[in-house]
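Letter by letter, the chains look like this.
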Amino acid sequence: MLVYRFKPAERADHRVALSIIEAGDNLPADGAPWQAIGRFDLAAEDPWIKAPRTDIEAALNARGYFMWSIGVPKPAARFARQLG
C-alpha cells in the first residue's frame, strides 16, 4: 500500500501523519497546511513507527490516514534559552 507522509506546518506540533491521499486533503484541519515529507510502500518498507502494522492499516482503511506524535527531547542545559 503506497502511503504519503506529512508533518503539520506549525513546528511546535509534533504529530506526523500517513495518508492514502497524495495531497493529504483528508488530514485534520488543525494541522493545516500539512507538508508532504515523503512516500513509501507500507507493505514493502518498515514504517519506523512504534505501532503495529495492523493498527496502521486499520486506520488507513477506516479514515484514510494514520497519525501519531513524535517525541522531541528537551534541549541540553547548555542549549536552553537563558533568561535575564
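Check the entry above for the structure.
Residues numbered from 1 in each chain as written. Predicted model: local features only at pLDDT ≥ 70, side-chain atom pairs only at ≥ 80, totals over all residues. Heavy atoms only, no water.

### Some remarks on the packing of aromatic side chains
Stage number 1. Applying the stated criterion across every chain, the model contains one aromatic pair.
Stage number 2. One residue, Arg63, lies across the ring of Tyr65, its end atom 5.0 Å from the ring centre. (Phe/Tyr/Trp six-rings, centres within 6.5 Å; stacked < 30°, edge-to-face > 60°. Lys NZ or Arg CZ within 6 Å of the ring centre and 35° of its normal.)

### Notes on the nonpolar core
Stage number 1. Core analysis: the biggest nonpolar cluster contains eleven residues, these being Val3, Val16, Leu18, Phe40, Leu42, Ile49, Ile56, Ala59, Leu60, Phe66 and Trp68.
Stage number 2. Within the residue set of this core, elements represented by two or more residues are β2 (15-19), α1 (53-63) and β4 (65-69).
Stage number 3. Here the element with the most residues in this core is α1; it accounts for three residues.
Stage number 4. With sequence-adjacent residues up to four places away left out, Val16 is seen in contact with Arg5, Phe6, Phe66, Met67, Trp68 and Ile70. (Core = buried A, V, L, I, M, F, W, Y, C linked by side-chain atoms within 4.5 Å. Buried < 20%, exposed > 50% of the residue type's maximum accessible area, 1.4 Å probe, protein only. Helix = DSSP H or I, 4+ residues; strand = E, 2+ residues; numbered from the N terminus. Contact = heavy atoms within 4.5 Å.)

### Some thoughts on the pairing of β2
Stage number 1. Of all five residues making up β2, five are buried, and the element is well covered by its neighbours.
Stage number 2. Because side chains alternate across β2, one face comprises the buried residues Arg15, Ala17 and Ser19, and the other comprises Val16 and Leu18, equally buried.
Stage number 3. Of the strand pairs in this sheet, strand β1 (residues 2-7) and β2 are connected by three bridges, and their pairing is antiparallel. Paired with Arg5 across the strands is Leu18, a residue of β2.
Stage number 4. Relative to β4, β2 runs antiparallel, the two being bridged by five bridges. Across the sheet, the residue bridging to Ala17 is Met67, located in β4. (Pairing = 2+ DSSP bridges.)

### Notes on the environment of Phe40
Stage number 1. Relative to the assigned elements, Phe40 resides in strand β3 (residues 35-41).
Stage number 2. Judged by relative accessible area, Phe40 falls into the buried class, the value being 7%.
Stage number 3. Sequence separation between Phe40 and Met1 is 39 residues, and the spatial gap between their C-alpha atoms is 8.3 Å.

### Comments concerning the side chain of Asn26
Stage number 1. Tracing the chain through its elements places Asn26 in the loop between β2 and β3.
Stage number 2. Looking at Asn26, its side chain comes within polar contact range of the side chain of Ser19, at 2.8 Å.
Stage number 3. A polar atom in the side chain of Asn26 sits 2.8 Å from the backbone oxygen of Gly64.
Stage number 4. Those residues in contact with Asn26, other than ones at most four positions away along the chain, are Ser19, Ile21, Arg63, Gly64 and Tyr65. (Polar contact = N/O pair within 3.5 Å; in protein donor to acceptor, adjacent residues only side chain to side chain.)

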